[in-house]
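Listed below are the residues making up each chain.
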Amino acid sequence: MTAPVVFTSSYSDNSNDNGFQWEFHCDRCNTAYRSPFEQNYLSRGRGVLRVLRDLFGDYSKTIHKVSNAADDFSNTWSGGAASATKDKAFTKAVDLVKDDFRLCAGCGSWVCARICWNDHVGQCTRCSPMAAHQLAQAQAEARGSQFRDAANQQDWTQNQDMSVPSRVTCPTCAANTTGGRFCGSCGTALDLRTNCTGCGHQIQAGTAFCSNCGRAQ
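None of the values given here were measured: they were computed from a predicted structure. Note that residues are indexed from 1 along each chain, following the sequence as it is written. Note on the predicted model: pLDDT of at least 70 is required for a residue's local features to be given, and 80 or more for side-chain atom pairs to be given and counted; whole-chain, interface and lining totals, by contrast, use all residues. Hydrogens and water are ignored here; the side-chain numbers use all heavy atoms of the structure.

Moving on, we come to the overall build of the protein. The number of helices and strands found in the protein is 4 helices and 11 strands. Relative accessible area decides the class of each residue, using a 1.4 Å probe on protein chains only: under 20% of the type maximum gives buried, over 50% gives exposed, and in between gives partly exposed. With 217 residues in all, the protein has 22% of them scored as buried. Considering only intrachain contacts with a sequence separation of at least 6, the fraction spanning at least 24 residues in the protein is 30%. Here the accessible surface of atoms and residues is derived via Shrake-Rupley with a 1.4 Å probe, and residues count as covered only by protein chains that are part of the display. Per element, the accessible surface of the protein, about 14600 Å² overall, is 51% carbon and sulfur. In DSSP terms, a helix is any run of H or I states spanning at least four residues, a strand is any run of E spanning at least two, and both are numbered starting from the N terminus. Note on definitions: a residue-residue contact is assigned when non-hydrogen atoms from the two residues lie within 4.5 Å.

Glancing now at the side chain of threonine 125. By the element assignment, threonine 125 lies in the loop between strand 9 (123–124) and helix 4 (131–152). Any N or O atom pair separated by 3.5 Å or less is treated as a polar contact, with the protein-specific requirement of one donor-capable and one acceptor-capable atom, and with residues adjacent in sequence counted only for side-chain atom pairs. At a separation of 3.4 Å, a polar atom in the side chain of threonine 125 contacts the side chain of arginine 28. Excluding residues that lie within four positions of it along the chain, threonine 125 makes contacts with Arg28, Ile115, Cys116, Trp117, Asn118 and Met130.

Moving on: the pattern of salt bridges. We define a salt bridge as a side-chain nitrogen of Lys or Arg found within 4 Å of a carboxyl oxygen belonging to Asp or Glu. The tally for this structure, following the rule as stated, stands at 3 salt bridges. Arginine 34 is the salt-bridge partner of glutamate 23, the closest N and O atoms lying 2.5 Å from each other. Of this pair, glutamate 23 sits in strand 3 (residues 22–25) while arginine 34 sits in strand 4 (residues 32–34); the two residues are 11 residues apart in sequence, bridging distant segments of the chain. Among the ionic pairs, lysine 98 bridges to aspartate 95, the shortest N-O distance being 3.1 Å.

This paragraph deals with the pairing of strand 3. As a general feature of sheets, a regular strand has side chains that alternate between the two faces. Of the two faces of strand 3, the one lined by Trp22 and Phe24 and the one lined by Glu23 and His25 are each fully buried. Pairing geometry for strand 1 (residues 11–13) and strand 3, over 3 bridges, is antiparallel. Bridge pairing in strand 3 links aspartate 13 to tryptophan 22. Counted between consecutive antiparallel strands, the loop separating strand 3 from strand 4 contains 6 residues, among which asparagine 30 sits at a positive phi close to 65 degrees. By this definition, two strands are paired if DSSP reports at least two bridges between them.

Here, nonpolar core refers to any group of buried Ala, Val, Leu, Ile, Met, Phe, Trp, Tyr and Cys residues whose side-chain atoms link them within 4.5 Å. If you look at the biggest cluster of nonpolar residues, it comprises 18 residues, and the most contacted ones within it are Phe7, Trp22, Phe24 and Val111. The leading source of residues in this core is helix 3 (residues 80–97), at 5 residues. Residues in contact with valine 111, not counting those within four places in the same chain, are Cys26, Arg28, Asp100, Phe101, Arg102, Cys116, Trp117 and Cys124.

For asparagine 30, which is not glycine, the phi torsion reads 65 degrees and is therefore positive. Examined against the element boundaries, asparagine 30 turns out to sit in the loop between strand 3 and strand 4. Its identity is not glycine, yet alanine 174 carries a phi of approximately 65 degrees, on the positive side. By the element assignment, alanine 174 lies in the loop between helix 4 and strand 10 (193–195).

This is the structure in structure tokens:
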């Protein structure tokens, strides 16, 4: 069983038969800090013994001993020796990357020193954001507010016929429209309303009978 992680509980194990490697993650930005890959020499020795056994079989007493040694090695590897070797490698990996993390006393998170740590205050940037970041955010919010205020002071409807229903595509050619009464691509009328020839009531263009007086159109 691996040793306890002394600075972060967020990590992933990338180890395989060839060696050991872990990724340790910042609690705030989730940036991964990967430990250097460490060769698993016990696994390499096991592989060599297996190759010898596969190549020579049991043709002699000497090779037979090699075959037995491979089995013994494999059994040892699957037991406590493998666990102890991995524990040592994990402890080494923790020692190599622990200086990249800081513990925030404000929220209790382990965060990366390079991105998420405010060294001037001694807290993570969630608890104590960088002054330059706060200033940039405040300026962006003020700029957006001023843009909205300036836009609200302008009359954006003076050139628009507010009585005509807006259509964003032409009903005939499906071209995008920019407003107005007629399509700029094919000339089709965009206002699909008309007046009854009898009573003058507004009806949909193409309607066969007026819904107000019943007259045929």
